[in-house]
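Residues per chain are reported as follows:
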Amino acid sequence: MPEILKLVNIKKHFGGIEALKGIDFSLREGEIHALLGENGAGKSTLIKIITGVHQANEGEIFIDNKKTVILNPIEAREQGIGVIYQELSLIESLTVGENIFLGNEPVSRIFAKYDRDKMYKESIKYLKKFGIDINPKEYVYNLRMGQKRIIEIVKALALDAKILLLDEPTTGMSAKEIDTLFEIMDSLRQKKVTMIYISHYLDEVFRVCDRATVFRNGEKINTFEVQNTNTDELVLAMIGKSVKLDNIPLSKKFHNKEIILKVENFKTNIMKEKISFEVNKSEILGITGIIGAGKSELANSLFGAAGECEGNLYINGEKVRINSTLKAKNYKMAFIPEDRKSEGLFLDDTIEENTLRANIHLIEKKNKLLDKKLQTKLATQITKDLELFPLDVKMITKNLSGGNQQKVVIAKWLIGNPDIIIMDEPTRGIDVGAKEEIYNQIRKLSNLGKTTIVMSSEYNELMRVCDRIIVLRQGLIVGELFPSETSTQEILALSLGGN
């Protein structure tokens, strides 16, 4: 296959930080090429150079063997380059059709004005072309996350993209929606559309990609033919050391129960069903289920983010009523939300400002002024314990990789010494190495007597880190399993309604 895109000796630095160190990279026409590496490895920087968001300090770009300069995203679009970022760029208050043709609205030949009817007719053509049953007049805010991501792809294809860049496209998608996405990608491959696919899920890479290029610390490590490699080889290239992804530890059994949290016929207005379970001191409890099972609703409800509730909650045997997040915090609970960027962090603030945000009382003086020196000291210590890199608490949080941003969210709560920590999808959107660090931190907390509830849709994650797993389906508990005595297949079967 001919090369449709070629990058030669691409270098990029931000101040004194080298983000890309002389990258050579090429795309074959019609292939799906995975970009792999830890957060901060340089993948996103390369994507932004290809799409004109950043310009390289050195190096050359060739499209169809012609040297090209891409100064901005509009020029990238004119070159046939489309991109679907991990953070959606759709406008929620517009319809599906309006989003698909945003900035590219069809115009009536006769009156030379915006032709809304033509826009919807063309939208239907694109949606039917890929077997997508969505009304183009539906408002985007009514769509599921998976549907929104597919609309992002249709939007790029409406601009006749010949190179499509997909950054973590399956985030928030159900298994069925992921299948639809991969079917679309297969049909695009047959039409010679070339794709760059960024994902932290290696099973997706083996399922859909032709080649994979691994980055580490701003350098290209190697390019692999996917059919000729394996998970262990890719992980070794990504993080420079082997990690046993299928290592299932022996589950801890709590025979002498010391129940720290008891949930009894509990329900809030965002939950589908009443729920009851117990959690022991120092236990790592996993709660899972397919999208819509009620994991996030339960997490928010337990932390008081859903207002009034029915049923009973007991902490250390004491009946409590938690109808606000402040009350939850006062009962020594902490919550790591699913969306760290919109719910867990102030991205434009420094690391130290974020770290003390939930425990401002720790640095208050008697006159109510804040002790800035103490703030820096406490933030430095907690981020050092979590192995944050780079260890500069004056750094703006949005400039950190996803894995390090997640560490800041965790640091924000650990600095207050909670007893019960609820984590909703704690490793979503972070790389293999950062995941392993989060798992190790959860285990350390358990050894210190802390109780952790991990809400996750990643069955392997729960198998590797949890002592016990509760499976939800449509808000109900349908199974209770121990990792060393079960399998991901059994968890999936329970989640879907099988035996």
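Residues numbered from 1 in each chain as written. Predicted model: local features only at pLDDT ≥ 70, side-chain atom pairs only at ≥ 80, totals over all residues. Heavy atoms only, no water.

Peer 1: Account for the sheet that holds strand S18 (residues 451-455), naming residues and giving values.
Peer 2: Taken in spatial order, the six strands of this open sheet run S16-S17-S18-S13-S19-S20, and their pairing is mixed. The sheet terminates laterally at strand S16 (333-336) and strand S20 (476-481), the two strands that pair on one side only. Taken pair by pair, the neighbouring strands of this sheet meet at an average axis angle of 20°, ignoring direction. Bridge count between S16 and strand S17 (residues 420-424): four bridges; the pairing is parallel. (Pairing = 2+ DSSP bridges. Helix = DSSP H or I, 4+ residues; strand = E, 2+ residues; numbered from the N terminus. Axes fitted to C-alpha atoms, helices over the stretch in contact; angles between N-to-C directions.)

Peer 1: I'd like a rundown of the sheet that holds strand S9 (residues 211-216), residues and numbers included.
Peer 2: Across the sheet, six strands lie side by side as S6-S7-S8-S3-S9-S10; this open sheet has mixed pairing. The sheet is open, and its two edges are formed by strand S6 (81-84) and strand S10 (219-225), each paired on a single side. On average, each strand axis in the sheet is inclined to that of its neighbour by 20°, with strand direction left out of account. Here four bridges tie strand S3 (residues 32-36) to S9, and the two strands are oriented parallel to one another. Residue histidine 33 lies in a different strand from S9, and its bridge partner there is arginine 211. Sitting on the sheet, helix H8 (residues 231-239) is in contact with S3, S9 and S10, with an inclination near 30° to S9. (Contact = heavy atoms within 4.5 Å.)

Peer 1: So what's going on with the nonpolar core? Which residues, and what values?
Peer 2: Residues Phe266, Phe277, Ile287 and Leu298 are the most contacted members of the largest nonpolar core, which totals 70 residues. Broken down by element, the residue count for this core peaks at six residues, all from helix H14 (residues 402-414). Among residues more than four places away in sequence, those in contact with isoleucine 287 are Phe277, Lys295, Leu298, Ile453, Val454, Met455, Ser456, Leu462, Ile470 and Leu472. Grouped together as the second largest cluster of nonpolar side chains are 50 residues, Ala158, Leu164, Leu181 and Met185 included. (Core = buried A, V, L, I, M, F, W, Y, C linked by side-chain atoms within 4.5 Å. Buried < 20%, exposed > 50% of the residue type's maximum accessible area, 1.4 Å probe, protein only.)

Peer 1: Go over the environment of lysine 407, please, and point to the residues and values.
Peer 2: With respect to the helices and strands, the residue lysine 407 is situated in helix H14. Distance in space between the C-alpha atoms of lysine 407 and glycine 433 is 13 Å, their sequence separation being 26 residues. If sequence neighbours within four positions are ignored, lysine 407 has contacts with Leu386, Glu387, Leu388, Glu437 and Ile438. Polar side-chain contacts of lysine 407 include one of 2.9 Å to the backbone oxygen of glutamate 387. (Polar contact = N/O pair within 3.5 Å; in protein donor to acceptor, adjacent residues only side chain to side chain.)

Peer 1: Give me the lowdown on the pattern of salt bridges, citing residues and values where you can.
Peer 2: Inspection of every chain in the model, using the stated rule, returns 25 salt bridges. Lysine 125 is the partner of glutamate 122 in a salt bridge, and the nearest nitrogen-oxygen pair spans 3.5 Å. Linking glutamate 122 with lysine 125, this pair stays in helix H4 (residues 116-129), spanning three residues, or about one helical turn. The class of lysine 125 is exposed, set by a relative accessible area of 54%. (Salt bridge = Lys/Arg side-chain N within 4 Å of Asp/Glu carboxyl O.)

Peer 1: Help me get a handle on the packing of aromatic side chains, residues and values and all.
Peer 2: Throughout the structure, instances matching the rule amount to five aromatic pairs. Through a chain of ring-to-ring contacts, the aromatic side chains of Phe303, Phe335 and Trp413 assemble into a single cluster. Taking NZ or CZ as reference, lysine 262 lies 5.6 Å from the ring centre of tyrosine 314, over its face. A cation sits over an aromatic face here: arginine 357 above phenylalanine 346, 4.4 Å from the ring centre. (Phe/Tyr/Trp six-rings, centres within 6.5 Å; stacked < 30°, edge-to-face > 60°. Lys NZ or Arg CZ within 6 Å of the ring centre and 35° of its normal.)

Peer 1: Which residues make up the pairing of strand S13 (residues 284-288), and what values go with them?
Peer 2: Most of S13 is tucked away: five of the five residues are buried. In terms of strand pairing, S13 meets S18 through four bridges, oriented parallel. Counted as the bridge partner of leucine 285 is isoleucine 453 from S18. As paired strands, S13 and strand S19 (residues 468-473) are joined by four bridges and run parallel to one another. Within S19, the residue paired with threonine 288 across the bridge is valine 471.

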